[in-house]
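Residue strings, one per chain:
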Amino acid sequence: MLIFEHSRPGRYNYSQSPATRATKHNIPDKLLRQSKPLLPEVSEMDTVRHYTRLSQKNFSIDTQFYPLGSCTMKYNPRACNSLAMLPQFLSRHPLAPEDTGQGFLACMYELQEILKGVTGMAAVSLTSMAGAQGELIGVTMIRAYHEARGDTARTEIIIPDAAHGTNPATAVMSGYKVVEIPTDEEGDVDMAALKAAVGPKTAGLMLTNPSTLGVFEKKVAEMSRIVHAAGGLLYYDGANLNAVLGKVKPGDMGFDVIHMNLHKTFSTPHGGGGPGSAPVGVAERLLPYLPVPIVAYENGAYRWLTEKDRPQSIGRLSAHMGNAGVLLRAYIYVRLLGAEGMHRISEYATLNANYLLAELRKAGFEIAYPTRRASHEFIVTTKGIKDKTGVTAMNLAKRLLDKNFHAPTTYFPMLVPECLLIEPAETESKETLDSFVNAMKEILVEIETQPDMVKGAPHLMPLRKLDEVKAAREPDLTWTPT
């Protein structure tokens, strides 16, 4: 039911109404609304109950296990939210003078330094508003670096076939041609294909490590040497940084630029279209091109570095300096963890993933890369199940909803048929993982005994199985009165 269906003429929500009415002032008549806006007329009680019921129908980290691969859907400590919402932070205007915001600037400076330390980079900019924008910043800096050296013949970005879809999109948006290279049977980048692809046109390589196949690139140091020898740079997609945090630094692997998804590794709010944040770190050679503003500490005080201080900067990518509330949450999170806590993140994330992999293998599921240890995630392929019974990975995913578990990522990466990309994250207990394994075992029995029932899932959700093609092609997103 929509909120409009609760509407009754004359009902009013007094506690939420504005204290003062808007006045016309000097707005021209032609810009004024000629009729009342189409808004529901509902009481406070009806409003609260309606949206509470809607929230109870949703799966969420607060209520269910959410093993989305490459997304690190882990618990966000409430302390981070409450401290980031202190009045001194909330009431600070982004254009306030620097001398009245030294506390906030100190937090941002320390966050820059912490992220710089854990990634092995020379400097960090916090301005990026999302992972995809972080990618755009990184590739734009690579372009600026080559152009500053007069090396304009570099027109290609090399990207593995297992990359996130935003990688090739970013490269094309930045004016580059994408050269795709395959992965080998064990999930590593095909080194022969990489060697054949690099050359005088190579601007750089975009890589996620561990990759979206859930394995750590064993030859990443050799890859770095090959690309750098050809005059290219290395870009690190930080989507899977959760797997190596505190253990190995992208800078030590040879990467020149990295974006970090704070909503994945650093436990800030995730999903729902925002809010996002993806600070970008660079090696020495890309320092001049970092986007502004950046916080500096000079003569005992903090200040913003702008275009005047960084004339070669690629400029500004967001209003003011980025998503302050999300950055504060990440800062509080890393301060709560400390260096030792960051080590534990990757240790428990890897332990949980390998435990789940072992248990699902024992249960009879096929592991896509059986010779490899999981990083923080791994892939199950249900192609054999589909060939035998007709039950697809999506059918299995829908049935998991009936078992009170959100499904893993399905059909990504696309080079693995009937793919389930599973990431348990470090915040889940062994009991939760065991419950998930038991649910997967139950579904495996159901596939053998009642395949049509599994194909028709979900059965216990507020909505049954939808026509996904119709929903994608004919979305009905607007309510109009009958």
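Residues numbered from 1 in each chain as written. Predicted model: local features only at pLDDT ≥ 70, side-chain atom pairs only at ≥ 80, totals over all residues. Heavy atoms only, no water.

Draft legend 1. Expanded view of the overall build of the chain. Secondary structure summary: the chain contains 15 helices and 13 strands in total. Relative to a compact globule of 482 residues, whose C-alpha radius of gyration would be 23 Å, the chain shows 25 Å and is just as compact. With the C-alpha coordinates aligned to their principal axes, the bounding extent of the chain is approximately 75 × 70 × 45 Å. Burial status across the chain gives 48% buried among its 482 residues. Taking all contacts inside the chain whose residues are at least 6 apart in sequence as the whole, residues at least 24 apart take part in 72%. Put simply, the chain has 51 plus and 51 minus side-chain charges, and the middle of one group is 4 Å from the middle of the other. (Helix = DSSP H or I, 4+ residues; strand = E, 2+ residues; numbered from the N terminus. Rg over C-alpha atoms; globule rule 2.2 N^0.38 Å. Buried < 20%, exposed > 50% of the residue type's maximum accessible area, 1.4 Å probe, protein only. Contact = heavy atoms within 4.5 Å. Lys, Arg positive; Asp, Glu negative; His and termini not counted. Charge placed at Lys NZ, Arg CZ, Asp CG, Glu CD.)

Draft legend 2. Seen up close, a nonpolar patch on the surface. A cluster of nonpolar residues, Leu2, Leu38 and Trp479, forms a patch on the protein surface that exposes about 270 Å² of accessible area. Relative to the assigned elements, leucine 38 resides in the segment before helix 1 (44–56). (Patch = residues over 30% accessible without salt bridge, like charges linked within 9 Å, V, L, I, M, F, W, Y side chains within 5 Å. Areas by Shrake-Rupley, 256 points an atom, 1.4 Å probe, with all protein chains shown as cover. Salt bridge = Lys/Arg side-chain N within 4 Å of Asp/Glu carboxyl O.)

Draft legend 3. View of the pattern of salt bridges. Applying the stated criterion across every chain, the model contains 29 salt bridges. Between glutamate 110 and arginine 335 there is a salt bridge, and its shortest N-O distance comes to 2.9 Å. Taken together, the positions of glutamate 110 in helix 4 (residues 102–119) and arginine 335 in helix 10 (residues 324–363) put the pair 225 residues apart, joining distant regions of the chain. With a relative accessible area of 28%, glutamate 110 lands in the partly exposed category. Overlapping salt bridges bring together Arg399, Asp402, Lys403, Glu442 and Glu446 as one network.

Draft legend 4. Just helix 13 (residues 430–449), in detail. Look at helix 13: 29 Å from first C-alpha to last across 20 residues, which is about the 28 Å you get at 1.5 Å a residue. Turning to helix 13, its buried residues number three or more, namely Leu433, Phe436, Val437, Ala439, Met440, Ile443, Leu444, Glu446 and Ile447. Buried residues along helix 13 sit in contact with helix 10, helix 11 (383–389), helix 12 (393–402), strand 13 (419–422) and helix 14 (451–455). (Expected span 1.5 Å × (residues − 1).)

Draft legend 5. View of the domain arrangement of the chain. One can read the domain layout of the chain as domain 1 (79–337) and domain 2 (341–468). Just the C-alpha atoms count here: the centres of domain 1 and domain 2 sit 31 Å apart. Interface area for domain 1 against domain 2, summed over the two sides, is near 2000 Å², with a carbon-plus-sulfur share of 58%. It is Leu213, Asn242 and Leu337 in domain 1 that bury the most area against domain 2; as a group they hold 26% of the surface buried on that side. Applying the counting criterion to the domain 1 and domain 2 interface returns two salt bridges. Across the pair arginine 372 and aspartate 188 runs a salt bridge whose closest N-O atoms are separated by 3.0 Å. One can count 12 residue pairs in polar contact (both at pLDDT 80 or more) joining domain 1 with domain 2. Top contributing element to the side of domain 1 that touches domain 2 by residue count: helix 10, with three residues. For the side of domain 1 that touches domain 2, the per-class residue count stands at 14 nonpolar, nine polar and seven charged. (Domains from an automatic or database assignment. Buried area = accessible area lost by both parts, 1.4 Å probe. Polar contact = N/O pair within 3.5 Å; in protein donor to acceptor, adjacent residues only side chain to side chain. Nonpolar A, V, L, I, M, F, W, Y, C, P; charged D, E, K, R; others polar.)

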